[in-house]
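Understanding the architecture of this molecule
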Amino acid sequence: NEQVGLMLASLQIRKGNFDEAEALLKKMQKAQPKSTATLVTLIELKLKQNQPDTALKLCDKLVEESQKSSSYIVRARTLASLNKIDRASEDFSHAVEIEPDSAYVWMSKSDFHLSLRQREKATKAILRALEIEPDNIQIQTRALALLLNNPDAEMAAKGKTLLEKALKDHPDNSELRIIKARTLLAKGIRPATEQATNILRKITTEQPRNVDAWLLLGDLALRKNQPGKAIDLALRGLVSSPRNKALLFLKARGEGVRSPRLAIPTLKTLREIDPGDISITLYLADAYAATGTPQEAMKLLQEQLAVCRDDNDRRKLNIALAATKYKKGDKDEAMKELDALFRAVPENADPLLTQARLLKTDQRWKELKDKIAQWYDQFPRGAELLVAIAADLASAGEPEGKKAAEDTLRFVLAKEDKHLGALQMLALILQTYEFSEELVTLYQKILTITPDNSIIINNLAWILCEEKNQYEQALELAQQGLDKKPDYLDLIDTRGVIYYRMAQYDKAAEDFQKCIKLYRTGNRGLVGSYFHLARTLNHLGRKREAMQNLNQALQLNGTLGGLSETDLKEAKHLKEQLSTGA
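A short tour of the structure in this document, coming up. Worth saying up front: this structure is predicted, and the values here are computed from it rather than measured.

1. Describing the pattern of salt bridges
- Using the criterion set out here, one finds 31 salt bridges in the structure.
- Salt-bridge contacts for glutamate 22 lead to lysine 46; the nearest nitrogen and oxygen are separated by 2.8 Å. Note that glutamate 22 is positioned in helix α2 (residues 18-31) and lysine 46 in helix α3 (residues 36-48), a separation of 24 residues in sequence. As far as burial versus exposure is concerned, glutamate 22 and lysine 46 are alike and both buried.
- In this structure, arginine 495 and aspartate 511 form a salt bridge, with 2.8 Å as the shortest nitrogen-oxygen distance. Note that arginine 495 is positioned in helix α29 (residues 489-501) and aspartate 511 in helix α30 (residues 505-518), a separation of 16 residues in sequence.

Quick look at the structure:
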């Protein structure tokens, strides 16, 4: 039975039993010399055995014996896996010439382009496949992956239409329902999140082995800072899939939020399941280092290095080992090792980013500043590297780190005055200081480069309103932003504040109520909207409702934060007024 034989051979390949797999396939070839499926599995085996020349000879044999499009596709995929992209592209072209109306050929071509991150070509190919077989659910799901997150608004709209059509035709298809849940979660608003949660809960009830549903619910719990809930979801999913790596990793992430020490046993189990997965090793090494046992981290990394054969993985492990040495106290030696790793592959920034983080942790600001100037000239994309370092420096919230980040960004802008990343990051830092005209200039400069940047539009509209009292200009800018992105809640809240300053209290209240209805639970913007609504209702004479919303704002501020010192002072004063009836 060929089908059973191929299943057995594939299982042996996955288990690493290559000799047993080859013996079985040779036996099957002898029985059925013309079997294409057996030859394709043998090609897969030769690639796993690191015998690329043999694999390609088998591909050539397949093409010679059968001039079908499927034969060219097999060879093209093999060539692509060996990074022979031009030859692979030629074979896909041959496949299209042979069967221009084959949906399978176009779908395979789309997969090829997507593997090369050629999204536009991949999208064009999958749309051609969809034209040929519009009701093929496999093609539909591939098309949705390319269309729904497409920056082109027309393509994204096509994706939404396709998803609704596919769900209407296949309402119980779990893959489509998962895609629907993802699109709802991406909206970031409360009703959509609740709808997505209901879809995912239904899937986990009906199909407890559906790992994606458990993972999406778990990720949502972690985003809401609910590690206990994430752990519970992982455990419930593991009942039906006890050795699933993704669910175990979700459990480890939840445990790690509570304490790195709690995550260690789960990470050890993950390593036992897949000892070759270095991402697990690196996560476990970080957990050891965070619990004050860097020697355990070093031992683990050295063990993994001894068996690792992939150059990229070895590089990651060596970077982690150098960082662990630094934390252990061998700082000069660690820095030398990171320098050597950078010199070996100068187009990879990871060693430099690691050095920057280590110097930041030790607050070695002068040494870091000296290195930054060198790195700009040494690294092929020096500006991007320095912006990434600046973002990391500013994230800690320390005054020295923030100043170092600001100096770094000004250094970049002195050389590349229109570098968008540097302009945006500098603006983010400056807005944490007292207001300055430089911030307005920065925002205006950014908008000349990216006129549809909703975040910058929101920030500039807020400044025009709250700092410069230019209400008409602020309202015009906010409205322009909302015309392009009508569901951007932060900007709706800003427009509400502008209406409030202009004494248009009914319009202001409408905007704040919309924000409160739509903001996702746990979003700090919700705190501001409750406060803004409270003071607006006070002006409308609705004192009882104002007090209710003010209490909500103060309660949430205690857990989430969100109110500035000025806002908090005003909120407390308003509460005193409402309490006394003044």
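2. A look at the environment of alanine 213
- Following the sequence through the fold, alanine 213 ends up in helix α13 (residues 211-223).
- The spacing of alanine 213 and lysine 229 is 16 residues in sequence and 14 Å in space, taken between C-alpha atoms.
- Among all residues touching alanine 213, those that are not within four sequence positions of it are Ile178, Leu200, Ile203 and Thr204.

3. Observations concerning a positive patch on the surface
- A contiguous patch of positive charge, built from Arg201, Arg223, Lys224 and Lys229, is present on the exposed surface.
- Looking at the element boundaries, arginine 201 is found in helix α12 (residues 190-206).
- Arginine 201 gets classed as partly exposed once you look at its relative accessible area, which sits at 44%.

4. Remarks on the side chain of lysine 402
- By the secondary structure assignment, lysine 402 is in helix α24 (residues 399-415).
- No salt bridge is formed by the buried lysine 402; the nearest opposite charge belongs to glutamate 406, separated by 8.3 Å.
- In terms of polar contacts, lysine 402 uses its side chain to reach the side chain of threonine 432, at 3.3 Å.
- Once you skip the residues sitting within four places of it in the chain, lysine 402 turns out to touch Leu393, Ile429, Thr432 and Tyr433.

5. Side note on helix α25 (residues 420-430)
- Within the span of α25, buried status applies to Ala422, Leu423, Met425, Leu426, Ala427, Ile429 and Leu430.
- Among the structural elements, α23 (382-395), α24 and α26 (437-449) are those in contact with the buried residues of α25.

6. Some details on helix α27 (residues 454-466)
- Over its 13 residues, α27 extends 18 Å from the first C-alpha to the last, a length consistent with the 18 Å expected when each residue adds 1.5 Å.
- With 10 of 13 residues buried, α27 lies mostly within the body of the structure.
- Within the sequence span of α27, burial applies to Ser454, Ile456, Ile457, Asn458, Asn459, Leu460, Ala461, Ile463, Leu464 and Cys465.
- Taking the backbone nitrogen of isoleucine 455 as reference, a side-chain oxygen 3.3 Å away marks asparagine 453 as the first, capping residue of α27.

7. A look at unusual backbone geometry
- Although it is not a glycine, arginine 117 sits at a positive phi angle of roughly 60°.
- By the secondary structure assignment, arginine 117 is in the loop between α7 (103-115) and α8 (119-132).
- Residue arginine 117 is classed as exposed on the basis of its relative accessible area of 76%.
- Phi at asparagine 225 is positive, roughly 60°, even though this residue is not glycine.

8. Let's talk about a nonpolar patch on the surface
- On the surface, a cluster of nonpolar side chains totalling about 240 Å² of accessible area is made up of Val4, Leu8 and Leu11.
- Structurally, valine 4 can be placed in helix α1 (residues 2-15).

9. Things to note about the packing of aromatic side chains
- This structure, assessed with the given rule, holds 4 aromatic pairs.
- Aromatic side chains tyrosine 376 and phenylalanine 411 sit 5.6 Å apart centroid to centroid with 90° between the ring planes, which places their arrangement in the edge-to-face category. A residue pair is termed long-range when its members are at least 10 positions apart, and tyrosine 376 in helix α22 (residues 365-378) and phenylalanine 411 in helix α24 qualify at 35 residues.
- The exposure class of phenylalanine 411 is partly exposed, given its relative accessible area of 26%.
- Cation over ring: lysine 485 sits above tyrosine 488, and NZ or CZ is 5.2 Å from the ring centre.

10. Notes on the packing of α13 against helix α14 (residues 227-240)
- For the pair α13 and α14, interaxial distance at closest approach is 7 Å and the crossing angle is 170°. In terms of orientation, α13 and α14 fall into the roughly antiparallel class. Seen from α13, the contacting residues are Trp214, Leu217, Gly218, Ala221 and Leu222; seen from α14, they are Pro227, Lys229, Ala230, Leu233, Arg236 and Gly237.
- When its residues are assigned to classes, the contact of α13 with α14 shows 7 nonpolar, 2 polar and 2 charged.

11. Thoughts on the nonpolar core
- Counting residues in each nonpolar core, the largest one holds 137 residues, and the members touching the most others are Trp375, Leu385 and Ile389.
- Ranked by the residues each element gives to this core, the list is headed by α13, at 9 residues.
- Those residues in contact with tryptophan 375 that sit more than four places away from it in its chain are Leu352, Gln355, Ala356, Leu368, Gly382, Leu385, Leu386 and Ile389.
- Ala95, Val105, Trp106 and Ala129 belong to the second-largest nonpolar core, a separate cluster that totals 33 residues.

Reading the values: rules and limits
- Residues numbered from 1 in each chain as written.
- Predicted model: local features only at pLDDT ≥ 70, side-chain atom pairs only at ≥ 80, totals over all residues.
- Heavy atoms only, no water.
- Salt bridge = Lys/Arg side-chain N within 4 Å of Asp/Glu carboxyl O.
- Helix = DSSP H or I, 4+ residues; strand = E, 2+ residues; numbered from the N terminus.
- Buried < 20%, exposed > 50% of the residue type's maximum accessible area, 1.4 Å probe, protein only.
- Contact = heavy atoms within 4.5 Å.
- Patch = residues over 30% accessible without salt bridge, like charges linked within 9 Å, V, L, I, M, F, W, Y side chains within 5 Å.
- Areas by Shrake-Rupley, 256 points an atom, 1.4 Å probe, with all protein chains shown as cover.
- Lys, Arg positive; Asp, Glu negative; His and termini not counted.
- Charge placed at Lys NZ, Arg CZ, Asp CG, Glu CD.
- Polar contact = N/O pair within 3.5 Å; in protein donor to acceptor, adjacent residues only side chain to side chain.
- Expected span 1.5 Å × (residues − 1).
- Phe/Tyr/Trp six-rings, centres within 6.5 Å; stacked < 30°, edge-to-face > 60°.
- Lys NZ or Arg CZ within 6 Å of the ring centre and 35° of its normal.
- Axes fitted to C-alpha atoms, helices over the stretch in contact; angles between N-to-C directions.
- Parallel < 35°, antiparallel > 145°, perpendicular 65-115°, else oblique.
- Nonpolar A, V, L, I, M, F, W, Y, C, P; charged D, E, K, R; others polar.
- Core = buried A, V, L, I, M, F, W, Y, C linked by side-chain atoms within 4.5 Å.

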